[in-house]
Structures are given as C-alpha cells and as structure tokens.
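Inside the fold
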Amino acid sequence: MGQERDFYERLERKGVSRRDFMKYCTLLTATMGLSSSFVPKIADVFASPAQRPPVIWLHFGECTGCSEGLLRSMYPFIDELVLEVLSVEYHETIMVAAGHQAEEQLHASVKKYDGKFICVVEGSIPTKYNGGYGKIGGRSFLDIAKEVCPKAAAVISIGTCASFGGIPAAAPNPGGYKGVGDALGIKALNLPGCPPNPINLVGTIVNYLLLGKLPDLDELGRPYFAYGKTIHDQCPRRGHFENEEFVEEFGSEEAALGYCLYNVGCRGPETYNNCPTAKFNDGTSWPVEAGHPCIGCSEPKFWDNFTPFYEEM
Amino acid sequence: MRAVDNAVGVKIPKNARIIRNLLMGAQFQHDHLVHFYHLHALDWVDIVSALKADPKKAAALSDNVSNAKVGGAAYFKQVQQRLQTFVDSGQLGPFANAYWGHSAYKLPPEANLMASAHYIEALRLQSKSARMHAVFGGKNPHPQSLVVGGVTCVKDLSPDRIAEFLYLTKETQEFIKNVYIPDLLAVASFYKDWGAIGGTTNFMAWGEFPQNDEEPESLYMPRGVIKNRDVGKVMMADQDKVTEDVTRAWYEDGPALHPYEGETKPVQEDPKYRPGDGKYSWFKAPRYDGEPCEVGPLARVLVAYGKGHKDIKPVVDSVLKQLGVPVTALFSTLGRTAARGIETIAIGDQVQNWTMDLIENLKNGDTSTYEPYEMPDSAMGVGLNDVPRGSLSHYLHIEDGKIRNYQYVVPSTWNLGPRDAKGKLGPVEEALIGTPVADPKQPLEVLRTVHSFDPCVACGVHVIDPDSNQVYKVKAI
C-alpha cells in the first residue's frame, strides 16, 4: 500500500490528481469493454507492479510513428510507463546503447526473459531476396524476427505496417514486405492504425497484466474492444449522413457546419477502429473532427484499395 | 502538398497559409525539444553519475542557470530517489548496457542530475505539446488536415480551439526558454572542444514559413546556399541545380539526374556492403551544383545569420558570447546542436505572432480556408520546404491524368547520403573524419556527431581500427 500511496503522491506532484487518474482508468476500462468493477484493479496495475513486465520492441520497415504515438501517451505518461510500469528492455529509438551494446542488450534480454516478455513489433518485414531489403547490423529483419518472436509470451504488431504490411507493402512492393503474422506464419495480435492510438496498446497490455491473457480478437487478429465497430457506426457526424447532409467541398459552409464527409471520400464505413470514441492526444481530436475524411489507415491494403482518397467509395 | 499546389496552380487562402505555418512551427517546437532531451542529451549526460549528486548543489546549479518552474533540493532529491529505485530494481530498461562512466562524459554529478530531471520533465511536456497538432490537424503524429488547396480544419477556427493552441504553444515556449536553452548552454560549456569537431563545408536551406504569397522573399527562415563556409556570401538556392547520384547507392546505375527526371530502381538482389568502390547505401547522394550540402538547423541558422536576420543574428551572437567561442565554432557538432536551440527560440516566438495574425484575419471577416482547383491532365510541380530535420523537396510530374513520376529528396538523404561518382563524401561522412574516439569498443563520440544531425534513419556507422581491421558497428537511431 505504501507503494500505492507513493504512486499517487508522485502523480499529485506532477499535477495529476488521483481523481484524474481514476478517470483515465475508467476511460481505459470502457475502451477495453470491461465492467467498471475493474477500475480499481487497473489502477493497481499501474500503481504497484511486483516486477515490471519486460517489453522487447523491434523496429523493422517503418517510420517510427507508432513509437512516437506511444511517446504521446498521457495517464499513464510515458515516463511512468518506462520507469515504473513496464521494463522496456530494447527499443532502438529511446534506448541509450547503440551498435554492439544494443545488440548485446537484445540477446541478453531475450535470454533472460525467454517465454516471458511481450514482443512489440513496429514495421513490416521484407521477404524477397532473403529479406535483404531490411537489415540491422548485417542481419535481416526476417532473421531477427524469426529468432525473437517465437520466444515471446505474446507478439503484438503495432501499426498497419506490422499488422498488414502497410505502406512498404503497397504495390509494387519491390522488397516483398509483409506484416509480421504473414512473414513468420504466426498468429500475432494486430493493432493497426497509422499510427494506432496508444490507448489501444496500453489497453492490450493492461488486459494481459490484469487477466493474464490477451483480449479477444477478430479474424484479422484485432482486439474487439478497439476494432469491433466501424468508424461510421461510431461517428458523431452519423446523423448528418442519415439526414443526407454532406460536405461537397472543403472549406465550404457545409464543412464549417460539420456535415458528413462521405462524398469527399470518407472510408469510415469500411474501417474498423475506435478513433471517434477514443480520439487522439488526450482526447483532443481525430481526423474527421479536423474536417478530413477517414482514409482507412488501419485497414489491410488501405493504400492500394482505398485510393484515390478524395473520391467517394 | 506544396508540389501538388504548385502543379495545379492553386493559391491557398491566407488562413490556410497561417494554419500550415502553425502546424509546421509547432513541429519545430516539439521535434527539437524531443531531439535535444531524448535523442541526443544522453550522449553528453551521464544519468548514472546523477545518483552521486548532492541534491542541494544541483538545486543551486539549477537556480543559477535556469528559470525552470520546478526545482529546489527536495525536488532533485525526489528525482534522484526515483532514479535510484529504478536502478535498484535491476531492470534498467532503455538505459541498460550504455556508456555510463565513459571518459568522454565531462559533466559533474549535479549537472547530470539537473539534466536527467529535465529529461523526465521534457518527456512529459512533449506529450502535451503534441496536442498543438491535434487541435488543427486531428492527431499527432501524422496530422491529417492538409489538402491540396488549403486545409480542412475550418470548424476548428473557433475561439476555444485557437485559445487551446495558443496556451499549448506558450507553455511549450516557456519550457524552451527557461529550461531547454539554459540546459543547452550549461551542458555546452563543458564541451567547448566539440566546437572544433564534426563540421562540414557546404550548407543549403530551402527556407520555411511564407509570410505572404511571395516566395522566397517572404520566408521567415530564408532560402540560401553557403559554399566553403563563406557565411558572408549567401547565394540564392535554386532547385534546378539539384541532382541525385546513385553510383554508390543500391539502385540501378545511371547518370546523376534532376529529381524531375529521377529514377528509383532498387537493385533486384540481396544488397551487400561492398568495400572499395562498390555500393553501400540505400540513400542516393543529393548534390547542389555538384556539391554535397549539409541541411538542417545549422544550415538554416547560418543562412539566416549570413543574411543578417533580425531575430536569429542577435541570438547567435549572444550564444557565442555566453560560451566564449568564435563564429567558426558554429561549424561543428556543438554548433549544430546549438543552432537547433537557437532556431527553436525564434520560430517558437513566431508561432505566437502567427496565431495573432490568424485571429486578426478572422476578425476582419476572412474565413476562407480552401481554394478549389481543377486537376490538369498534365503538369509539373515542385514543393520546397524546410522541416525540422532540414531541406525537403517534392517533385511531381502528371501526365494523362496520372502520376508519371514522383520523387522527393529528404533531409536525411542530403546529410547521410553516400559518396558520389567523383568520390565526394556525404556531409555526415565528412563530419566524422577526425573524431577522437577514446575507446573504439564504446564509440560514444561518433554517436554525438551522428545524433547531432537528427538522422531520420537507423544508420550503420562502422568504426574500423586500421591496425587490426577490427570492425565495430555502431547503430545510431
């Protein structure tokens, strides 16, 4: 309990009240689709982990946007996640070690936590030419993934690239890029999005810490709690769709009134994600709120299937 | 976006120009802060040494050099305890197996504690600062309100949204002025020898932040080229003079081409590192008038300084004076890292001014955010930007209503590109020559220079001992 008190005291000093924190846990619980009785338990996960669960985060064919997304996590803030909640054993962007020291750290942590670590993979994996289009320290992404992923307690593919291949896999895909599940022939948990909302990664990990298992997944490996409904079905502009009130041109009076973006190419009806309810950056906004049609960035092959973006489906 | 705007010949409305500047300005504030603290600081700051600091002395140091909101012995003691608890857990996470205790770390424990505390403060602030993008762009990263012809966030040009943005940029700028810049100067004062290490020769900036429809005349950060470090002679940069060379890059061989004619044909094989005169990089080698050029904060600041920029010049002079180093010290790793801070002050202040311009324009009744256009069957377009990492240009060729060619030359290609057909080194290659390395097995010094460019890539640096031919690989992210 002392640790828990310390935790709340620390939050208070950072200007985050216990009430705010519980509010966040409530939001997280709702996002995960758990009953409200889990709220105090979720707070416990953040307040007093016995041993911080090890995370090994691999970067392959990607832009680091998913990592950047995670850095924007608030309640728990990223410093709490890194220093007090998780043990991020390997993450090329934020780790201090480089070169040999970094590689040593990867091998040492895979060995130390064999079968116990959460492996988060960001980016897709080139499979043509022996995986030759993507290498770290002379080893192909494919080799590294084949060595590390099977030793993990769970593999989480973060972002559309790791989930389904994403932009590197868009036609003509000269390197033969594939999502992690496809490239390795394993069933990975997919958190697509470009980038995905960090709350969905936190929710997935909390589910794992709290219940000892991963959340329920759909046929594409996506957790139902985040990807169970379409953008369209949760969209606050849905009423305008039903009333046939559409934006025909950006910057127009209809756009200023927040009408439906279907006619300027919104892919919300075909895209499964919780953007409208979770929103981004501490609930500040999401693309449709900023007047831009959903481009379906979390769907498989969105770049090939959903373009040209500004034309009606 | 600018390349397509240019190709279709659309002139975007004033509000759209300001919103784009605000999003880009916010990006500078956010990116440079994160780069300094989270991607570069620990090359200079030994976080383990912070455990030995006297919190009272750290508090005195902090009071002396900065106006940080948080401080005092109790605060630094608490940060130190937090770090101690973390170390005692035996799970060092991202700080494991690093270079702690390396002889190239020069800060006293108290300065290390101060910087470590601010590393954590900045980590927290940046997630809040990123909300600036979400206000007018829907989300960060990857804001999504930019379209050809303007912006889509017409609904967000409301008093509450603008106030939210203004509050966030002010809070971020306060941290930049009261914490980032003082920390930068405090750390730099222990590493003045790095004012003679890691320099390059030529510099190029497309410039950024158009203040009206006239480009390049109205760019707040000016356009220009500097050759052979001749800061007194800034020439206009002309995009016609750009070529990309693929002699040493993993693409099919061909002549150096202007990006309008550019080809991207990756080798159809498992690419191997081949010493000698073989190919060794995924980067093409961009050249301006046949010469490699450094791009980024240092190039922008030098161009602005050389042109006597009213905001940049005084800050540069004051930083040089405070550190007691000559102008030539700018051509270095230290100069590059300082330039990043210098431009953040100037640009961050402008973000507030531009927000006021937006309010003024709206008050005057101009609510336009988008200008319709016709997509032509054939057209060419170029878009020149300067983003936080450096000069970025996009080239588009439309034919028969389709994209015939699309090429872009990004900042890290300029900086990290390989040698060309004439054997000329890329800027980072040049910068690394002569870097003192105390222990080749722990090449911390190499990381300092590579990181100072803010590379947007996982790059492989090979440290080779000429006696044993032992190759040490250094991965810098």
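None of these values were measured; they are calculated from a predicted model.

With that settled, consider the overall build of chain B. Secondary structure assignment for chain B yields 13 helices and 13 strands. Its C-alpha atoms give chain B a radius of gyration of 23 Å, near enough to 23 Å, the size a compact globule of 477 residues would have. Counting only C-alpha atoms, chain B reaches 70 × 60 × 45 Å along its principal axes. Taken across its 477 residues, chain B has 63% of its residues classed as buried.

This paragraph deals with the packing of helix α3 (residues 55-65) of chain B against helix α4 (residues 73-88) of chain B. Residue and element names in this part refer to chain B. Two elements in contact, α3 and α4, have axes separated by 8 Å at closest approach and are oriented at 120°. On the basis of their axis angle, the class for α3 and α4 is oblique. When the axes of α3 and α4 are compared, the crossing they make is right-handed. Of the residues in α4, those in contact with P55, K56, A58, A59 and S62 of α3 are A73, F76, K77 and Q80.

Ranked by size, the top nonpolar core spans 172 residues in total, and within it L58, C119 and V148 of chain A together with F95, F136 and L358 of chain B carry the most contacts. A per-element tally of this core places helix α7 (residues 159-188) of chain B first, with 13 residues. Once you skip the residues sitting within four places of it in the chain, C119 of chain A turns out to touch I56, L58, V148, C149, A152, A154, V155 and I156 of chain A. Membership of the second largest hydrophobic core comes to 17 residues, among which are V247, Y259, V264 and V288 of chain A.

A word on the interface of chain B and chain A. Taken together, the contact pairs 66 residues of chain B with 72 residues of chain A. Summed over both partners, the interface of chain B with chain A buries about 5,900 Å², with 56% contributed by carbon and sulfur atoms. At the boundary of chain B and chain A, one finds 6 salt bridges. One salt bridge connects K135 of chain A with D270 of chain B, and the closest N-O pair in it is separated by 2.8 Å. Counting across the chain B and chain A interface gives 30 residue pairs in polar contact (both at pLDDT 80 or more). Among the elements of the structure, α2 (14-40), α4, α5 (109-129), α6 (131-137), β1 (146-147), α7 and β13 (471-476) of chain B are those that each provide at least two residues to the side of chain B that touches chain A. Tallying contributions element by element places α5 of chain B first for the side of chain B that touches chain A, with 8 residues.

Right, let's get into the sheet that holds strand β11 (residues 402-409) of chain B. All names here are of chain B. Pairing in this open sheet of 3 strands is antiparallel, and the strands run β9-β10-β11 from one edge to the other. Two strands lie at the open edges of the sheet, namely β9 (379-387) and β11, each paired on one side alone. Across the sheet, the mean angle separating the axes of adjacent strands is 15° when strand polarity is ignored. Note: β9 against strand β10 (residues 390-399), 9 bridges, orientation antiparallel. Along β10, the bridge assignment pairs M380 with H397.

Parameters and conventions
- Residues numbered from 1 in each chain as written.
- Chains lettered and ligands numbered in written order.
- Predicted model: local features only at pLDDT ≥ 70, side-chain atom pairs only at ≥ 80, totals over all residues.
- Heavy atoms only, no water.
- Helix = DSSP H or I, 4+ residues; strand = E, 2+ residues; numbered from the N terminus.
- Rg over C-alpha atoms; globule rule 2.2 N^0.38 Å.
- Buried < 20%, exposed > 50% of the residue type's maximum accessible area, 1.4 Å probe, protein only.
- Axes fitted to C-alpha atoms, helices over the stretch in contact; angles between N-to-C directions.
- Parallel < 35°, antiparallel > 145°, perpendicular 65-115°, else oblique.
- Left-handed = near helix turned anticlockwise from the far one by under 90°.
- Contact = heavy atoms within 4.5 Å.
- Core = buried A, V, L, I, M, F, W, Y, C linked by side-chain atoms within 4.5 Å.
- Buried area = accessible area lost by both parts, 1.4 Å probe.
- Salt bridge = Lys/Arg side-chain N within 4 Å of Asp/Glu carboxyl O.
- Polar contact = N/O pair within 3.5 Å; in protein donor to acceptor, adjacent residues only side chain to side chain.
- Pairing = 2+ DSSP bridges.

Geometric descriptors of this kind do not, in isolation, establish any biological role.
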